[in-house]
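Summary of structural features
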Amino acid sequence: MKKYVVGVVGASGAVGEELFKVLEEQDFPIKKLVPLASARSMGQEIEACGGVYKILETTHDVFAKEGIEIAFFSAGGSVSAEFAPSAVEAGAVVIDNTSHFRMQADVPLVVPEVNPEDIALWKQRGIIANPNCSTIQMVQVLAPLHRVFGIERVDVSTYQAVSGAGKKGMEELVEQMQQFFAFSLDSAEPRAFPHRIALNLIPHIDQFMPNDYTKEEMKMLQESNKILHSDFALSATCVRVPVLRSHSEAITIHFCKEVEAKEARELLKKAPNVIVVDNPQEKLYPMPTLATATDTTYVGRIRNDLYDKKILHLWCVADQIRVGAATNAVRIAQKWIKLHR
């Protein structure tokens with residue numbers, strides 16, 4: 001198998017660090033690994049994939065200079081906007097984990113278990129977009145059900161871990177919990193979040209829009225329909241919770257026809273990279289502690305609505321840093337390699 005020169009922009013961030021782990025675990029065909037970050041991180045060493053590598057500064061010419069063929073971007077939308085075109089110009093395929101390119105018509109937005117055929121559209125811009133973390137796990141569950149029963153509407157409430165805000169979010173929760181046990185939590189100053197996160201819930205992720213939904217909530221609507229090539233209605237309420245890793249979602253699905261929970265359960269058991277954990281009598285259902293550090297979306301609490309046989313309710317959990325970011329990006333790259341050979 002051909003090996004590739006792989007660049008990771010945002011190498012010192014939470015997703016960048018997880019990308020290295022996933023690449024190594026997946027035995028990704030790497031000829032040379034090139035960690036990239038801002039000038040602040042330049043010179044730091046990364047141990048990954050059997051070697052030790054120094055972080056280089058992300059510049060417009062580093063992609064051509066290092067001969068990068070596959071470039072993972074996870075350093076924020078402004079960085080992707082500035083440097084992704086340079087990576088493409090240098091001959092690399094860009095797999096972008098930020099929101100910058102996701103809704104651009106000529107950039108495919110891909111969850112490999114759902115719409116792998118869209119990867120073929122990468123040649124239009126040389127860029128493949130990685131969806132929002134909360135969108136990825138949801139469409140992995142919705143897709144097999146939509147194909148068989150047809151979805152008319154989805155209502156989802158998310159319970160999003162602090163890992164969604166990166167290292168700074170996880171550090172803030174840990175610091176505030178330490179302050180709680182030191183009886184000094186009242187003096188905690190929020191930095192990563194608009195309010196104290198320890199022992200609290202914050203129904204506010206990203207900026208509020210004029211329609212009173214947040215950007216995070218609108219992303220779930222827009223991205224889901226782009227990925228599924230659908231136009232069903234979706235409403236989301238996104239909530240930050242004091243959990244370190246793994247996002248949880250309570251999803252209500254309105255179908256075009258009547259659906260039995262048993263049928264849905266059997267369909268989801270066959271869905272790729274989805275595991276059904278659904279035995280309430282034995283207290284078995286998905287939780288963040290089950291999903292963390294795995295590459296699987298867990299689904300359970302699958303049940304019919306009490307009043308309408310066309311409605312199902314379910315609960316899904318996945319590790320935001322892996323399934324919701326790094327693992328999805330690596331799976332895109334693996335599919336691209338098969339297509340590109």
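Residues numbered from 1 in each chain as written. Predicted model: local features only at pLDDT ≥ 70, side-chain atom pairs only at ≥ 80, totals over all residues. Heavy atoms only, no water.

Counting through the fold element by element, Glu249 comes out in strand 11 (residues 247-255). In this structure, Glu249 is buried with no salt-bridge partner, the nearest side chain bearing the opposite charge being Arg240 at 11 Å. Residues in contact with Glu249, not counting those within four places in the same chain, are Ser134, Gln137, Met138, Val156, Ser157, Thr158, Tyr159, Met220, Leu314, Trp315 and Cys316. (Helix = DSSP H or I, 4+ residues; strand = E, 2+ residues; numbered from the N terminus. Buried < 20%, exposed > 50% of the residue type's maximum accessible area, 1.4 Å probe, protein only. Lys, Arg positive; Asp, Glu negative; His and termini not counted. Salt bridge = Lys/Arg side-chain N within 4 Å of Asp/Glu carboxyl O. Contact = heavy atoms within 4.5 Å.)

A contiguous patch of negative charge on the surface is contributed by Glu258, Glu260, Glu263 and Asp308. Looking at the element boundaries, Glu258 is found in the loop between strand 11 and helix 7 (261-269). For Glu258, a relative accessible area of 53% corresponds to the exposed category. (Patch = residues over 30% accessible without salt bridge, like charges linked within 9 Å, V, L, I, M, F, W, Y side chains within 5 Å. Areas by Shrake-Rupley, 256 points an atom, 1.4 Å probe, with all protein chains shown as cover. Charge placed at Lys NZ, Arg CZ, Asp CG, Glu CD.)

Quick look at the sheet that holds strand 12 (residues 274-276) now. As summarised here, the arrangement of the 6 strands in space is 10-9-11-14-13-12, forming an open sheet in which the pairing is mixed. Among the strands making up the open sheet, the edge pair consists of strand 10 (233-240) and strand 12. With direction set aside, neighbouring strand axes in the sheet form an average angle of 20°. Note that strand 9 (residues 151-160) and strand 11 share 8 bridges and pair antiparallel. Opposite Arg153, over in strand 11, you have His254 as the bridge partner. Contacting strand 9, strand 10 and strand 11, helix 6 (residues 215-228) runs over the sheet at an angle of about 145° to strand 10. (Pairing = 2+ DSSP bridges. Axes fitted to C-alpha atoms, helices over the stretch in contact; angles between N-to-C directions.)

Moving on, we get to the pattern of salt bridges. Under the definition given, this model contains 18 salt bridges. Of the charged contacts in the structure, one is a salt bridge between Asp106 and Arg125, with a shortest N-O distance of 2.9 Å. Placement of Asp106 in the loop between strand 7 (93-96) and strand 8 (127-129) and of Arg125 in the loop between strand 7 and strand 8 is noted, with a sequence separation of 19 residues between them. The partly exposed category is assigned to Asp106, whose relative accessible area is 28%. In this structure, the salt-bridge partner of Glu113 is Arg331, at a minimum N-O distance of 2.8 Å. One end of the pair, Glu113, is in the loop between strand 7 and strand 8; the other, Arg331, is in helix 9 (residues 322-340), with 218 residues separating them in the sequence. Looking at Glu113, the relative accessible area reads 14%, which means it is buried. Residue classification places Arg331 among the buried positions, given a relative accessible area of 15%. One continuous salt-bridge network, built from bridges that share partners, spans Glu18, Lys21, Glu25, Arg245, Asp295, Asp319 and Arg322.

Tallying each qualifying case throughout the model produces 7 aromatic pairs. Seen from their ring centres, Phe149 and Phe255 are 5.7 Å apart, and the 75° between their planes marks the pair as edge-to-face. Residue Phe149 is found in helix 4 (residues 133-149), and its partner Phe255 is found in strand 11; the two are separated by 106 residues along the sequence. Phe255 carries the same exposure label as Phe149, and that label is buried. Members of the aromatic cluster, connected to one another through ring pairs, are Tyr4, Trp122 and Trp336. (Phe/Tyr/Trp six-rings, centres within 6.5 Å; stacked < 30°, edge-to-face > 60°.)

On strand 3 (residues 45-48), burial follows the alternation: Ile46 and Ala48 on one face are buried, whereas Glu45 and Glu47 on the facing-out side are not. With 4 bridges connecting them, strand 3 and strand 4 (residues 51-54) associate as antiparallel partners. Bridge pairing in strand 4 links Glu47 to Val52. Once strand 3 ends, the chain turns through 2 residues before running back antiparallel as strand 4, passing Cys49 with a positive phi of about 50°.

This part covers the packing of helix 4 against helix 6. Between helix 4 and helix 6, the least distance of the axes is 9 Å, while the angle of their chain directions is 40°. With respect to their mutual orientation, helix 4 and helix 6 come out oblique. Considering only the axes of helix 4 and helix 6, their crossing is right-handed. Packed against helix 4, whose contacting residues are Cys133, Ser134, Thr135, Met138, Val139, Leu142 and Ala143, the element helix 6 presents Glu216, Lys219, Met220, Glu223, Ser224, Ile227 and Leu228 at the interface. When grouped by side-chain class, the residues that make up the contact of helix 4 with helix 6 number 8 nonpolar, 3 polar and 3 charged. (Parallel < 35°, antiparallel > 145°, perpendicular 65-115°, else oblique. Left-handed = near helix turned anticlockwise from the far one by under 90°. Nonpolar A, V, L, I, M, F, W, Y, C, P; charged D, E, K, R; others polar.)

A few words on the sheet that holds strand 7. Pairing between sheet strands relies on hydrogen bonds along the backbone, with the strands arranged either parallel or antiparallel. Strand order across the open sheet formed by 6 strands is 5-2-1-6-7-8, with parallel pairing between neighbours. If you trace the sheet from one side to the other, it starts and ends with strand 5 (56-57) and strand 8, each paired once. With 2 bridges connecting them, strand 2 (residues 30-37) and strand 5 associate as parallel partners. Its bridge partner lying in strand 5, Ala37 is registered against Glu57. Its contacts with the sheet place helix 1 (residues 14-25) against strand 1 (4-9), strand 2 and strand 6 (70-73), and it is angled at close to 155° to strand 1. Most of the contacts of helix 9 go to strand 6, to which it runs at about 160°, and overall it touches strand 1, strand 6, strand 7 and strand 8.

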